[in-house]
Amino acid sequence: MQITLNGESLVLENSVNIVQLLSKLELSGRLAVEVNQHIIPRSLFSTYEIESGDNVEIVEAIGGG
Amino acid sequence: MATVKNTLEDPVVIAEKVYTSRLLLGTGKYKDMEETGLAIGASGSQIITVAIRRSNIGQNPDEPNLLDVISPEKYTILPNTAGCYDADSAIRTCLLARELLDGHKLIKLEVLGDEKTLFPDIPATIIAAEALIKEDFDVMVYTNDDPVMAKRFEEMGCVAVMPLAAPIGSGLGIRNPYNIRTIVENASVPIIVDAGVGTASDAAIAMELGCDGVLMNTAVAEAKNPVLMASAMKKAIEAGREAFLAGRMPRRAYASASSPIDGTFF
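Residues numbered from 1 in each chain as written. Chains lettered and ligands numbered in written order. Predicted model: local features only at pLDDT ≥ 70, side-chain atom pairs only at ≥ 80, totals over all residues. Heavy atoms only, no water.

**Student:** Mind showing me how you'd approach the interface of chain B and chain A here?
**Tutor:** Note: interface size is frequently given as the accessible area lost on complex formation between the parts. On the side of chain A, 26 residues touch chain B, which itself brings 30 residues to the contact. Of the roughly 2,500 Å² buried where chain B meets chain A, counting both sides, 53% is carbon and sulfur surface. Viewed at the interface, chain A and chain B are joined by five salt bridges. With a shortest N-O distance of 2.9 Å, Arg42 of chain A and Asp102 of chain B are connected by a salt bridge. The tally of links between chain B and chain A comes to 18 residue pairs in polar contact (both at pLDDT 80 or more). Elements that contribute at least two residues to the side of chain B that touches chain A include exactly β4 (47-54), α2 (66-69) and α3 (87-100) of chain B. (Contact = heavy atoms within 4.5 Å. Buried area = accessible area lost by both parts, 1.4 Å probe. Salt bridge = Lys/Arg side-chain N within 4 Å of Asp/Glu carboxyl O. Polar contact = N/O pair within 3.5 Å; in protein donor to acceptor, adjacent residues only side chain to side chain. Helix = DSSP H or I, 4+ residues; strand = E, 2+ residues; numbered from the N terminus.)

Below is the structure:
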């Protein structure tokens with residue numbers, strides 16, 4: 001299935017929840033995740049399944065003024 | 001005898017939290033995380049701004065996360081909405097920041113109106129501020145140096161009003177001290193100069209005008225020695241605050257001798 005991740009298209013072989021997606025992307029630490037412009041609380045990461053066509057944004061804090 | 005107030009006895013309160021430092025520091029444009037951390041340490045800042053951006057996918061997985069360097073347990077993290085040119089993206093950024101920081105409420109709202117000057121889009125800022133206050137955020141709002149607008153943001157419920165001294169990253173200093181003073185005189189929430197400071201004397205002037213604090217980033221990060229400039233800014237803000245509290249002497253057009261005229265023997 002295909003999703004859009006941070007503005008770029010990504011093909012996934014199997015359906016994944018957010019914990020699995022983050023692990024696949026080797027992302028850890030403090031992150032926030034939006035799916036189709038809805039924030040997914042961290043407590044739901046392990047149960048929220050990403051679906052084909054989803055628009056996923058993963059963000060973090062970086063340097064800024 | 002009057003006692004000298006030191007900064008510890010003169011805290012600033014923002015959204016019911018007490019801060020002994022009146023310098024708010026940004027984390028952009030530093031060479032690396034180590035320099036960021038050292039500059040923060042030298043500045044004595046307790047409120048540290050961050051931006052919210054997409055995580056880099058597939059690049060530098062070992063790069064430290066900024067919030068590992070600046071612990072939210074030790075510092076008040078102030079997420080900004082930098083780069084937002086409309087109310088919706090600013091609101092969305094704040095909602096993501098709140099999730100990222102486990103329900104954190106304090107945010108720096110900036111809605112920009114022009115890429116060249118980075119001046120705020122005031123109508124869009126009003127829309128975003130109203131929505132965010134309704135969503136229970138504590139809004140510190142970046143605005144221009146307009147006393148009427150500053151008062152409106154205060155009345156709306158912003159916890160601090162942050163007029164620019166000059167365009168973001170310009171280092172031009174306090175371009176309109178009379179407006180900044182008018183904003184301060186009319187205010188009953190903290191007034192924090194945000195943007196435009198170039199060097200220590202600019203920060204001291206902002207504090208001498210009676211501002212409650214100064215938020216800066218480029219003036220420190222783009223100094224040849226950012227850590228030394230962070231230390232200079234800390235002292236300038238303390239000096240400016242003490243000078244404001246001390247009350248400056250009146251300006252005179254002509255000299256007034258410091259040594260007595262009586263008792264001369266010549």
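**Student:** Looking at this structure, how should I read the packing of helix α7 (residues 200-208) of chain B against helix α9 (residues 226-246) of chain B?
**Tutor:** Helix-helix packing: each pair is described by the crossing angle between the helix axes and the interaxial distance. Residue and element names in this part refer to chain B. At their nearest, the axes of α7 and α9 sit 7 Å apart, and the two run at 30 degrees to each other. In this view, α7 runs roughly parallel relative to α9, as classed from their interaxial angle. Between α7 and α9 lies a crossing of right-handed hand. Counted together, Ala200, Ala203, Ala204, Met207 and Glu208 of α7 and Ala232, Met233, Ala236, Ile237, Gly240, Arg241, Ala243 and Phe244 of α9 form the full contact between these two elements. Among the residues making up the contact of α7 with α9, the classes are represented as ten nonpolar, one polar and two charged. (Axes fitted to C-alpha atoms, helices over the stretch in contact; angles between N-to-C directions. Parallel < 35°, antiparallel > 145°, perpendicular 65-115°, else oblique. Left-handed = near helix turned anticlockwise from the far one by under 90°. Nonpolar A, V, L, I, M, F, W, Y, C, P; charged D, E, K, R; others polar.)

**Student:** Is there a simple way to explain the environment of Ala195 of chain B in this structure?
**Tutor:** All names here are of chain B. On the secondary structure map, Ala195 appears in the loop between β9 (192-194) and α7. A C-alpha to C-alpha distance of 9.4 Å links Ala195 and Leu172, two positions 23 residues apart in sequence. Residues in contact with Ala195, not counting those within four places in the same chain, are Tyr142, Leu164, Ala165, Ala166, Ile168 and Leu215.

**Student:** Explain the nonpolar core here, please?
**Tutor:** Nonpolar side chains tend toward joint burial in soluble globular proteins. Counting residues in each nonpolar core, the largest one holds 68 residues, and the members touching the most others are Leu109, Val193, Met216, Val220 and Met233 of chain B. Sorting elements by how many residues they give to this core places α3 of chain B first, with seven residues. Apart from residues lying up to four places away in sequence, Val193 of chain B is in contact with Pro163, Ala165, Ile174, Ile180, Ala206, Cys211, Gly213, Val214 and Leu215 of chain B. Counting 17 residues, the second largest nonpolar core, distinct from the first, contains Ile3, Leu5, Val35 and Ile50 of chain A. (Core = buried A, V, L, I, M, F, W, Y, C linked by side-chain atoms within 4.5 Å. Buried < 20%, exposed > 50% of the residue type's maximum accessible area, 1.4 Å probe, protein only.)

**Student:** I'm lost on the confidence of the model for chain B in this one. Help?
**Tutor:** Parts of the model with low pLDDT should not have their predicted coordinates read in detail. Confidence in the prediction for chain B averages 94 pLDDT; 96% of positions are at 70 or higher. Model confidence for the complex: the whole-complex pTM is 0.93, and ipTM, which rates the interface, is 0.94. (pLDDT = per-residue confidence, 0-100.)

**Student:** In this structure, what is going on with the pairing of strand β10 (residues 213-216) of chain B? I would like to understand it.
**Tutor:** Consecutive side chains of a regular strand alternate in pointing toward one face of the sheet and then the other. All names here are of chain B. Where burial is concerned, the two faces of β10 agree: the one with Gly213 and Leu215 and the one with Val214 and Met216 are both buried. In this sheet, β10 lies alongside β9 in parallel orientation, the contact comprising three bridges. Opposite Ile192, over in β10, you have Gly213 as the bridge partner. Crossover β9 to β10 through α7 is right-handed. (Pairing = 2+ DSSP bridges. Right-handed = clockwise from strand over helix to strand, strands pointing away.)

**Student:** For this particular structure, what's the right way to read the sheet that holds strand β6 (residues 106-109) of chain B?
**Tutor:** Either a parallel or an antiparallel arrangement is found when strands of a sheet pair, and the pairing is made through backbone hydrogen bonds. Residue and element names in this part refer to chain B. One open sheet accounts for three strands, arranged β6-β7-β8; its pairing is parallel. The open sheet is flanked by β6 and β8 (160-163), the only strands paired with a single partner. In this sheet, adjacent strand axes meet at a mean angle of 20 degrees when their direction is disregarded. Contacts between helix α4 (residues 122-134) and the sheet are confined to β6 and β7 (138-143), with β7 contributing the most and set at about 175 degrees to the helix.

**Student:** Quick question: what am I supposed to make of the side chain of Asn6 of chain A here?
**Tutor:** Assignment of secondary structure puts Asn6 of chain A in the loop between β1 (2-5) and β2 (8-11). According to the relative accessible area criterion, Asn6 of chain A is buried, its value standing at 8%. A distance of 3.1 Å separates a polar atom in the side chain of Asn6 of chain A from the backbone oxygen of Ser55 of chain B. With near-sequence residues (within four places) excluded, Asn6 of chain A lies in contact with Val56, Glu57 and Ile58 of chain A together with Arg54, Ser55 and Ile57 of chain B.

**Student:** Help me understand the side chain of Asn217 of chain B in this model?
**Tutor:** The topology assignment puts Asn217 of chain B in the loop between β10 and α8 (218-221). A distance of 3.2 Å separates the side chain of Asn217 of chain B from the backbone nitrogen of Gly65 of chain A, its partner in a polar contact. Here Gly28 of chain B takes part through its backbone oxygen, which lies 2.7 Å from a polar atom of the side chain of Asn217 of chain B. Non-local contacts of Asn217 of chain B, meaning those with residues more than four positions away in its chain, are made with Gly64 and Gly65 of chain A together with Gly26, Thr27, Gly28 and Tyr30 of chain B.

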